[in-house]
Amino acid sequence: FKFRGKVKDVQSYGLFVTYRCTKGLLHASDFTDVFDTEMSNSEKKEFGTLLKSIFSIGRDIDVIVKTIDGDKYSLSLDKEERNNADIMHELALQGL
């Protein structure tokens, strides 16, 4: 299912999105090909800073729930959702 949530936290590997009393992980590999688990610590830090510049805490974001494991949600960015057009534009501007 789809929902509009809010960015709760941003890490170098992705962001956490809240919806009501639950939160899910939107992994960076879902919305960019730039993310690599083999990045050096300095590259991860730089990537995390870049994500924080795009996904500010409290920002509305439309996501799709991919999987549910207990109270953990795995999310996907709804790239077709019109409300995410500005996010998609910012990602493109940053080369992500």
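Residues numbered from 1 in each chain as written. Predicted model: local features only at pLDDT ≥ 70, side-chain atom pairs only at ≥ 80, totals over all residues. Heavy atoms only, no water.

**Student:** Got a minute to help me understand the sheet that holds strand E5 (residues 72-77) in this structure?
**Tutor:** Sheets are built from strands paired through backbone hydrogen bonds, the pairs being either parallel or antiparallel. With respect to topology, five strands assemble into a closed barrel ordered E1-E2-E3-E5-E4, the strand pairing being mixed. The mean inter-strand angle of the sheet, taken between neighbouring strand axes irrespective of direction, is 50°. The sheet contact formed by strand E4 (residues 60-69) and E5 spans six bridges and is antiparallel. When the bridges of E5 are listed, threonine 67 appears paired with serine 74. (Pairing = 2+ DSSP bridges. Helix = DSSP H or I, 4+ residues; strand = E, 2+ residues; numbered from the N terminus. Axes fitted to C-alpha atoms, helices over the stretch in contact; angles between N-to-C directions.)

**Student:** What is the right way to read the nonpolar core from this model?
**Tutor:** General note: in soluble globular proteins, nonpolar side chains tend to be found buried as a group. Core analysis: the biggest nonpolar cluster contains 23 residues, and Leu15, Leu26, Phe31, Phe55, Ile61, Leu75 and Leu91 have the highest contact counts within it. Breaking this core down by element, the ones donating at least two residues are strand E1 (2-11), strand E2 (14-19), helix H1 (41-54), E4, E5 and helix H2 (85-93). (Core = buried A, V, L, I, M, F, W, Y, C linked by side-chain atoms within 4.5 Å. Buried < 20%, exposed > 50% of the residue type's maximum accessible area, 1.4 Å probe, protein only.)

**Student:** Sorry if this is basic, but what is going on with a negative patch on the surface here?
**Tutor:** Residues Asp36, Glu38, Glu43 and Glu46 make up a contiguous surface patch of negative charge. With respect to the helices and strands, glutamate 46 occurs in helix H1. (Patch = residues over 30% accessible without salt bridge, like charges linked within 9 Å, V, L, I, M, F, W, Y side chains within 5 Å. Areas by Shrake-Rupley, 256 points an atom, 1.4 Å probe, with all protein chains shown as cover. Salt bridge = Lys/Arg side-chain N within 4 Å of Asp/Glu carboxyl O. Lys, Arg positive; Asp, Glu negative; His and termini not counted. Charge placed at Lys NZ, Arg CZ, Asp CG, Glu CD.)

**Student:** How should I be thinking about the environment of phenylalanine 16 in this particular structure?
**Tutor:** Topologically, phenylalanine 16 is positioned in strand E2. Expressed as a C-alpha distance, the spacing of phenylalanine 16 and tyrosine 73, which sit 57 residues apart in the sequence, is 9.6 Å. Aside from chain neighbours lying at most four places away, what touches phenylalanine 16 is Lys6, Val7, Lys8, Asp9, Gln11, Lys23, Gly24 and Leu25. (Contact = heavy atoms within 4.5 Å.)

**Student:** Explain the packing of aromatic side chains to me, please; I cannot follow it from the model alone.
**Tutor:** Any aromatic ring pair is given by two values, namely how distant the centres are and how the planes are angled relative to each other. Across all of its chains, the model carries five aromatic pairs by this definition. With a centroid separation of 6.0 Å and 40° between ring planes, the pair formed by phenylalanine 1 and phenylalanine 3 is classed as tilted. Residue phenylalanine 3 is classed as buried on the basis of its relative accessible area, which comes to 7%. Relative to phenylalanine 16, the ring of tyrosine 13 lies with its centre 6.3 Å away and its plane at 90°, an arrangement referred to as edge-to-face. Of the aromatic side chains, those joined through ring pairs into one cluster are Phe1, Phe3 and Tyr19. A cation over a ring is seen here: lysine 23 above phenylalanine 16, with NZ or CZ 5.0 Å from the ring centre. (Phe/Tyr/Trp six-rings, centres within 6.5 Å; stacked < 30°, edge-to-face > 60°. Lys NZ or Arg CZ within 6 Å of the ring centre and 35° of its normal.)

Interpretation note: all reported values are geometric properties and have no functional meaning in isolation.
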